[in-house]
Amino acid sequence: MSPTNVALGSSETTAVALSQLIAALGGDLLGGSEIRIARIAPLDEADAQSISFLANPRYQAQLATTAAACVIVSPSMAEAAAARGAAIVTPDPYLYFARLTQWWAARTRPSPQAGVHASAIVSPDARLGQGVEIGPLAVIEAGAVIGDQARIGAHCVVERGAIVGDHTRLAPRVVLGYGCRIGARGLVHSGAVIGADGFGFAPSKSGYVKIEQLGNVTIGDDVEIGANTCIDRGALSDTVIEDGVKLDNQIQIAHNVHIGRNTAMAGCAAVAGSTRIGANCTIGGAANIIGHLVIVDGVHISAATTVTRSISEPGVYSGPYPFEENSSWQKNAATLRQLSTLRERVRALEKK
Amino acid sequence: MSPTNVALGSSETTAVALSQLIAALGGDLLGGSEIRIARIAPLDEADAQSISFLANPRYQAQLATTAAACVIVSPSMAEAAAARGAAIVTPDPYLYFARLTQWWAARTRPSPQAGVHASAIVSPDARLGQGVEIGPLAVIEAGAVIGDQARIGAHCVVERGAIVGDHTRLAPRVVLGYGCRIGARGLVHSGAVIGADGFGFAPSKSGYVKIEQLGNVTIGDDVEIGANTCIDRGALSDTVIEDGVKLDNQIQIAHNVHIGRNTAMAGCAAVAGSTRIGANCTIGGAANIIGHLVIVDGVHISAATTVTRSISEPGVYSGPYPFEENSSWQKNAATLRQLSTLRERVRALEKK
Amino acid sequence: MSPTNVALGSSETTAVALSQLIAALGGDLLGGSEIRIARIAPLDEADAQSISFLANPRYQAQLATTAAACVIVSPSMAEAAAARGAAIVTPDPYLYFARLTQWWAARTRPSPQAGVHASAIVSPDARLGQGVEIGPLAVIEAGAVIGDQARIGAHCVVERGAIVGDHTRLAPRVVLGYGCRIGARGLVHSGAVIGADGFGFAPSKSGYVKIEQLGNVTIGDDVEIGANTCIDRGALSDTVIEDGVKLDNQIQIAHNVHIGRNTAMAGCAAVAGSTRIGANCTIGGAANIIGHLVIVDGVHISAATTVTRSISEPGVYSGPYPFEENSSWQKNAATLRQLSTLRERVRALEKK
């Protein structure tokens, strides 16, 4: 089997007429409502059965060359788009595209199957809401509460007293630890571990003595948590993830971290214990934030940046070391080790 | 559901009198032994039913303002503490606090339930010690040995010939690979993978040829391993984690690494193949240590540091790139690429 | 239990005569074909029952001191090796060693057991090839295809329509998402998540709106994927991993990344969305590559390097910040924040 581009989710589904799409999602249609769409594609990969979108003016030139049957555009691009074929005009094409993907997925994916799989192990002391789906081999412990229409994937473990909100979905193989809770309309991807112990020990003469972690994890509504991401339980009070937070894969959130509303973090980011991140922040991939800091609302951290101090002003902050061809890097890195000395030498020259 | 601070582990349990606490943990009680404690809290979050502690002199000012019913303090703070309410005096308040959390957890959490869950799949050729608890859907293969009072969580896989020491607990969904062993009183969190193959290939004209990894992983006593942490099996001999080592979440330990006694590593740290780390080291979060190095005992690596050379002297070593507001970072990073040239220019000026 | 060096895979197996080994693997044997080998070991750990190898001339001095019964060497070392004991002469000793480990593993490990474990949950609408092994508690959904001789470990989930190629093995607890495919002779380690959603959201006034990820993951033949590594499904088209790629543990591959043939990536590396990496590249541990870049064939990225721009020339590229003893680091890092100013000062001095 060689790697070929098979997009089951898009290309193998029945096509739809643009009129159906407009009926579902709104927008002003310029051009043929009878045109049938078989897939969603970027401008440069689109074919005559594709719908595409122009969200970033940077790609405007592609409008002239795309083979897309229809392009979603903003009002300022309407004329240019209509000149080349069908167009849907909407104030925010990217947002329209997002809603289109949701509508598309709902059409093409199997519907949830309410019910408890025969192989799942559900405590008689757990409470299941209406329309709940519990997958094969899932374990739901005593005192757990699963909200209405929630879906618990295969091999998940929802420990004692944990709470899953309405319409929240746990993909296969998620652990939601005892006493932890996630709100409504959440999505947790495979391998995520919510509620493992925070990392706390007291040193003693005979080695480290464990500090039992007595808090939980509290997660708000509309939160997405990526694959293999970990969120530790608090030491005494809870680790808190507010409404609308989006966490990518393999993120590490240590105990007692607090992440504000609608903050998004890209893959492999890590936040050490007790740090408080504000609302509407973005944290780039592989960024690290050390413990006990306060980051205000509206801070944007570039990828691969290590944040070692609190940030009290909104803005963009960066810190990746500039990479280079290896021999240049070696020379510069060697000099870097003498940088403060170099400054002294400049100072001495200035004094002459 | 909005994120609210619910600490099931602490606040919803029956309160205890200070006299009970002293009876269990020792310490000199100043003030009312009949005072009832409902939770453990930091000084600044404590209320009239809380016990708190003052371990770091930096927080001494909070002693005057805390609402805690009782504060654990060192002898030097006894007078100041007693002036404001009950106090427990002990030489090491932080250690006392750690023991208090253990006692508290033992009181408030369900007791282990010895026995093998009906859904677990235990080979008749595995050996189970006394009082062992095997959770739902766990798999224990032939030749595995589970020590007395050990607890194997739901969905764990203990492969053939693997050994779990007495009183060790695997949280749900841990893989302990064939032939690997962990000692007594260990704790492994969910998603940890112990004994996946080390990463070894020989290049050939037709691509990489796998080097089968023939060693195992050997882990000592009193070791804690965090969620989604990986420890690879050795290529020929074993990867070794000595007694008392504490590993946080999402750590990567490559094949044939050796970690000395009582060394602690914070989340997302990574150690490449065959590196040897001494005893009593601390490795900060997201620090990387490249392969084939030797780090002596008593070395402390700051967070987000990349260690590229062996370290032969105890001490603190650091290396995160200093982050800045983005426009400053851009200017400085651009200059950094010409740093060795800048040094040449300074040299030239000095020669004038 | 103290950590002792027990290598079940090697030391506890029945010894073999060198003649058997040569019969299986070829090479020119100098010295006693009746010598029996009980283990494979590095030169400096070998004993009188060990076979070892000399692949790197740097270790040539160990040839004189090793206790190995037999050493695998290149023709140029044949004389020196034979002077001290048995030797196997072969053009590429490291490759020979790799094949030896494979032969050794095949001898000493249990054979695959074709069949479906009674506890596995296999949809009647899945297709299983010949000689397939399905482990305990694995879940195979409708429309999934498992190739001939493939092995699916305990607790794996192969979702609807996913395809596993012939002779591919999934270790325990792997998730292969719906519509994703992996080719022949692959190996996926525990905890890997293939096909979680890519991280895509459109901002809106009421928070982020999810972009459903409609692509899949397509993985070629002869690919190895490490423990807890994540490969996200594409947004519209697929994320693609070509033939012969080797990924270590805890790697993050974002949506729509394309990785070329025979590229290898070490642990904790991360590649952000839509980046294209060429063939025959090596990416060091904990290296980060930001999104939407193009890296040509034959590029080698050092460990802990952050790649922020496309790379159009083969070569070695580096970027870890040089670590130092902490007080030096502090001084140099502080100066670094004024680096562009320092350059201005040098410029001013030069103008004088």
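This structure is a prediction, so every number in the text was calculated from the model and none was measured. In every chain, residue numbers begin from 1 and rise along the written sequence. Throughout, the order in which chains and ligands are written sets their labels, letters from A for the former and numbers from 1 for the latter. At least 70 in pLDDT is required for a residue's local features to be given in this predicted model, at least 80 for side-chain atom pairs to be given and counted, and no such filter applies to totals for whole chains, interfaces and linings, which use all residues. Only hydrogens and water are set aside when side-chain values are computed; all heavy atoms of the structure are taken into account.

### Details of the overall build of chain A
And then number 1: Helix and strand assignments come from DSSP, with helices taken as H or I runs of at least 4 residues and strands as E runs of at least 2, each series counted from the N terminus. Across its full length, chain A holds seven helices and 40 strands.
And then number 2: Summarising its shape, the C-alpha atoms of chain A cover approximately 75 × 75 × 45 Å along the three principal directions.
And then number 3: Of all 352 residues assigned to chain A, the portion counted as buried reaches 60%.
And then number 4: It only takes one pair of heavy atoms within 4.5 Å for two residues to be counted as in contact. Long-range pairs, those at least 24 residues apart, make up 19% of the contacts in chain A between residues at least 6 apart in sequence.
And then number 5: In this description, accessible areas are obtained by the Shrake-Rupley approach with a 1.4 Å probe, and a residue is regarded as covered only by the protein chains that are shown. Summed over all atoms, the accessible surface of chain A reaches about 12700 Å², with 51% contributed by carbon and sulfur.
And then number 6: Note on charges: Lys and Arg go in the positive column, Asp and Glu in the negative column, and His and the chain ends are not counted at all. For charged residues, the charge sits on one atom: NZ in Lys, CZ in Arg, CG in Asp, CD in Glu. With 28 positive and 30 negative side-chain charges, chain A shows a spacing of 8 Å between the two charge centroids. Think of it in three bands: with a 1.4 Å probe and only protein chains considered, a residue is buried below 20% of the maximum accessible area for its type, exposed above 50%, and partly exposed in between.

### Some words on the interface of chain C and chain A
And then number 1: Listed as interface residues are 86 residues of chain C and, on the opposing side, 74 residues of chain A.
And then number 2: Approximately 6600 Å² of surface area, both sides summed, lies buried where chain C meets chain A, with 62% of it carried by carbon and sulfur atoms.
And then number 3: By buried area we mean how much accessible surface two parts lose on assembly, using a 1.4 Å probe and totalling the loss over both. Area buried by chain C at its contact with chain A is led by Phe199, Leu214 and Leu236 of chain C, which between them contribute 11% of it.
And then number 4: Think of a salt bridge as a Lys or Arg side-chain nitrogen and an Asp or Glu carboxyl oxygen that are within 4 Å of each other. At the junction of chain C and chain A, the tally comes to three salt bridges.
And then number 5: Its salt-bridge partner being Glu350 of chain A, residue Arg345 of chain C comes within 2.8 Å of it at the nearest N-O pair.
And then number 6: Throughout this description, a polar contact denotes any pair of N or O atoms lying within 3.5 Å of each other; where both atoms belong to protein, one of them has to be capable of donating a hydrogen while the other can accept it, and for residues adjacent in sequence the pair is counted only when both atoms sit in side chains. Here chain C and chain A share 26 residue pairs in polar contact (both at pLDDT 80 or more) between them.
And then number 7: The element best represented in the side of chain C that touches chain A is helix H7 (residues 339-351) of chain C, accounting for five residues.
And then number 8: Ten residue types, Ala, Val, Leu, Ile, Met, Phe, Trp, Tyr, Cys and Pro, are classed as nonpolar, four, Asp, Glu, Lys and Arg, as charged, and the remainder, Gly among them, as polar. Of the residues assigned to the side of chain C that touches chain A, the class counts are 42 nonpolar, 26 polar and 18 charged.
And then number 9: Whether two strands pair comes down to DSSP finding at least two bridges between them. Where strand E40 (residues 324-325) of chain A and strand E39 (residues 315-318) of chain C come together, two bridges link them in antiparallel fashion. Within the sheet, the bridge partner assigned to Glu325 of chain A lies in E39 of chain C and is Tyr317 of chain C.

### Brief notes about the domain arrangement of chain A
And then number 1: Residue ranges for the domains trace back to a domain assignment, done automatically or taken from a database. Here the domain parsing of chain A yields domain 1 (9-108), domain 2 (124-187), domain 3 (192-320) and domain 4 (326-352).
And then number 2: If you average the C-alpha positions of domain 1 of chain A and of domain 4 of chain A, the two centres end up 55 Å apart.

### A look at the sheet that holds strand E38 (residues 306-307) of chain A
All names here are of chain A.
And then number 1: With parallel pairing, the 10 strands of this open sheet are ordered in space as E9-E12-E15-E18-E21-E26-E29-E32-E35-E38. A single partner strand is all that each edge strand has here, and the edge strands are strand E9 (121-122) and E38.
And then number 2: In this structure, strand E18 (residues 175-176) lies alongside strand E21 (residues 193-197), joined through two bridges in parallel fashion. Looking at E21, one finds that Val175 is bridged to Val193.

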